[in-house]
Amino acid sequence: MDILQRLARFLDRPLFPWKKLIIGFSLAQYLFEGFLGWRQYRVLQRTKPPKVLELEVSQEVYDKSQAYGRAKAKFGMVSALYGQIQNIAFYQFDVLPKLWSWTGSLLLKFAPARFTGEISHSIVFVLAFIVIQQFLSLPTNIYHHFVLEEKFGFNKQTPKLFITDMIKSNLLAVAFVPPILSAFLAIIKKTGDRFFFYLWVFAAGLQVFMITIYPVAILPLFNKLSPLKEGKLKTSIEALAGKLKFPLHELHVIDGSKRSAHSNAYFFGMPWKKHIVLFDTLIEKSETEEVVAVLAHELGHWKLGHTSRLFVISQVHFFYIFSLFSLFINNRSLYADFGFTKTHPIIIGFLLFSDVLGPMDTVIKLLMNILSRKYEFQADAFANNLGYNAELARSLIKLQIQNLSTMEADWMFASYHFSHPILSERLKALNWVPTQKVETKEAEKGDEAAVVTGRDEL
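Everything quoted here is computed from the prediction, not taken from an experiment.

Novice: Requested: an account of the overall build of the protein, with residues and values cited.
Specialist: Check the secondary structure of the protein and you find 18 helices and four strands. Computed over C-alpha atoms, the radius of gyration of the protein comes to 24 Å, within 12% of the 23 Å expected from 2.2 N^0.38 for 458 residues, which places it in the range of a compact globule. The principal-axis extents of the C-alpha atoms in the protein amount to approximately 70 × 50 × 45 Å. Across the 458 residues in the protein, those meeting the buried criterion constitute 45%. As presented, the protein carries roughly 23500 Å² of accessible surface, and 64% of it is formed by carbon and sulfur atoms.

Now the structure itself:
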């Protein structure tokens, strides 16, 4: 504790240029990610598929995949520039202190006196901040769904559903932000210098609580879950779960097709009671054995302890964040440089601290991506050892074709951005030997190609 307190005093230096430092970090990250994007764009201009995919992927599919990749890259560059302009504008024009002052005035004018303290003020501030951020992100969200995704046949949302989802998301924010933020601030106020430990315990409990209530109270607001019908697929999945001693409680099908042609397969629940969810699009566009192979990969993550380890890592990360926050919570020079000279709201300190933490979070993201890619190879090997080599390879190729996913990647770009290995790397690890071109169900039927993905890349 003494070390943390001494370090906190050292960091609280009058007239220290925190704003310039944070803007500098932000610009450096933007330029670095732009450089990586430029490297990847050069890869997306190639005209021939990689050798390992020459027999599986037609030239037409490869050309479409490259075009989609370039379109996403251009959109990403514009979105990043738009976001960077927003961030600098927020800092330079002192939006945070002005918004804090305005929300405080609203409370004084309309709320009873007992609801004008820091906690109530912070709740109104955060809700207002969420609305502003959502409004500013509308242009890019609309373009992404109704122009870019629509152009390549991915978007299934209607404007009505888009608006409905936005309204529901805001209502959930109104429902969850007040109690969670109240507890967050109350813990800090009442536990003194050791608040980071109690905050960590609260965050861990909250994470478990959200995992429990999400499928019951939140997911049904956006999607419909139905029991998987009796048949070969259900029997095969139950046999796989039994073989692995996976505590399967129920199999669900989710109507993901009402928003997107993308698909997924995942499981959730407590350690002793798990649910498996299959997107309707995945079932529709894959053979039974291929769906089972996908789940063999997913259950491999569980059997190999990946999910438990990632949960532990997330708890360590929370503890690291809250411990470092204790160094900045009373940093008057940080508050002052952003326009908070008289008041030092805890929530403002946490937002500014998050910006200071940006460079470290970038390093952690890189390390987590490295670990994630290692786990993906291990889960592939697990499914392979269960006898699903050909089925898994075919499913990966189908998902790649149907999703027009990136088939090649610059190594620096992939290391920084990708949590999954690219397809060619995974096929090589599986020792896949192609025998014929892989056909999707859409190609067999002559229908327009749809887009399927398992977490973008399974």
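There's plenty left to go through after this.
Novice: Could you give me a rundown of the pattern of salt bridges, with the residues and numbers involved?
Specialist: This model, assessed by the stated rule, comprises twelve salt bridges. Of the charged contacts, one joins Arg 46 and Glu 408 as a salt bridge, the two residues approaching to 3.0 Å between their closest N and O atoms. Remark: Glu 408 occurs in the loop between helix 15 (389-403) and helix 16 (411-417) and Arg 46 occurs in the loop between helix 2 (18-43) and helix 3 (59-92); sequence separation between them is 362 residues. Close ionic contact of Glu 290 with Lys 398 constitutes a salt bridge, the shortest N to O distance being 3.0 Å. In this pair, Glu 290 is assigned in helix 10 (residues 288-303) and Lys 398 in helix 15, connecting sequence segments 108 residues apart.

Novice: Break down the sheet that holds strand 2 (residues 248-254) for me, citing the residues and quoting the values.
Specialist: Reading across the sheet, the four strands line up as 1-2-4-3 and stay open at both edges, with mixed pairing between neighbours. The open sheet is flanked by strand 1 (225-227) and strand 3 (265-270), the only strands paired with a single partner. Each strand axis lies, on average, 35° off the axis of its neighbour in the sheet, ignoring direction. Note that strand 3 and strand 4 (residues 273-279) share six bridges and pair antiparallel. Residue pairing across strands places Phe 267 opposite Ile 276, the latter belonging to strand 4.

Novice: Provide a residue-level description of the packing of aromatic side chains, including the pertinent values.
Specialist: The description of an aromatic ring pair uses the distance of the two centres, along with the angle that the planes make with each other. Scanning all chains against the criterion turns up 28 aromatic pairs. Centroid distance Trp 18 to Phe 328: 5.7 Å. Interplanar angle 75°. Geometry classified as edge-to-face. Of this pair, Trp 18 sits in helix 2 while Phe 328 sits in helix 11 (residues 306-328), placing them 310 residues apart in sequence. For the pair shown, Trp 18 and Phe 328 are each scored as buried. One Lys or Arg, Lys 19, reaches over the ring of Phe 338 and ends 5.8 Å from the middle of that ring. If you follow Lys 168 out to its NZ or CZ, it ends over the ring of Phe 222, 5.8 Å from the centre.

Novice: Could you give an account of a nonpolar patch on the surface, naming the residues involved and the relevant values?
Specialist: Residues Val 208, Ile 211, Phe 311, Val 312 and Val 316 make up a contiguous nonpolar surface patch of roughly 370 Å² in combined accessible area. For the nonpolar patch, the secondary-structure elements that each account for two or more residues are helix 7 (195-222) and helix 11. Among the elements that take part in the nonpolar patch, helix 11 stands out by supplying three residues, more than any other. With respect to the element layout, Ile 211 can be found in helix 7. Ile 211 sits in the partly exposed class, given a relative accessible area of 34%.

Novice: Describe in detail the side chain of His 252, supporting the description with residues and values.
Specialist: In this fold, His 252 is placed in strand 2. Here the side chain of His 252 touches His 275 through a polar contact of 3.0 Å, side chain to side chain. Non-local contacts of His 252, meaning those with residues more than four positions away in its chain, are made with Leu 225, Ser 226, Leu 228, His 275, Ile 276, Val 277 and Leu 278.

Novice: Lay out helix 2 with the relevant residues and their values.
Specialist: End to end, helix 2 covers 38 Å across 26 residues, agreeing with the expected 38 Å (1.5 Å per residue, within 8%). Those residues of helix 2 lying buried are Trp 18, Lys 19, Ile 22, Ile 23, Ser 26, Leu 36, Gly 37, Gln 40, Tyr 41 and Val 43. The secondary structure elements touched by the buried residues of helix 2 are helix 1 (2-11), helix 3, helix 11, helix 12 (332-337), helix 13 (346-356) and helix 16.

Novice: Lay out the packing of helix 2 against helix 13 in plain terms, naming residues and giving numbers.
Specialist: The N-to-C vectors of helix 2 and helix 13 enclose an angle of 50°; their axes lie 9 Å apart at closest approach. When the axes of helix 2 and helix 13 are compared, the pair comes out oblique. Together, Trp 18, Ile 22 and Phe 25 of helix 2 and Leu 352, Asp 355 and Val 356 of helix 13 make up the contact between the two elements. Looking at the contact of helix 2 with helix 13 residue by residue, the class counts come to five nonpolar, no polar and one charged.

Analysis parameters
- Residues numbered from 1 in each chain as written.
- Predicted model: local features only at pLDDT ≥ 70, side-chain atom pairs only at ≥ 80, totals over all residues.
- Heavy atoms only, no water.
- Helix = DSSP H or I, 4+ residues; strand = E, 2+ residues; numbered from the N terminus.
- Rg over C-alpha atoms; globule rule 2.2 N^0.38 Å.
- Buried < 20%, exposed > 50% of the residue type's maximum accessible area, 1.4 Å probe, protein only.
- Areas by Shrake-Rupley, 256 points an atom, 1.4 Å probe, with all protein chains shown as cover.
- Salt bridge = Lys/Arg side-chain N within 4 Å of Asp/Glu carboxyl O.
- Pairing = 2+ DSSP bridges.
- Axes fitted to C-alpha atoms, helices over the stretch in contact; angles between N-to-C directions.
- Phe/Tyr/Trp six-rings, centres within 6.5 Å; stacked < 30°, edge-to-face > 60°.
- Lys NZ or Arg CZ within 6 Å of the ring centre and 35° of its normal.
- Patch = residues over 30% accessible without salt bridge, like charges linked within 9 Å, V, L, I, M, F, W, Y side chains within 5 Å.
- Polar contact = N/O pair within 3.5 Å; in protein donor to acceptor, adjacent residues only side chain to side chain.
- Contact = heavy atoms within 4.5 Å.
- Expected span 1.5 Å × (residues − 1).
- Parallel < 35°, antiparallel > 145°, perpendicular 65-115°, else oblique.
- Nonpolar A, V, L, I, M, F, W, Y, C, P; charged D, E, K, R; others polar.

Scope: geometric values only; no functional claims are made or implied.
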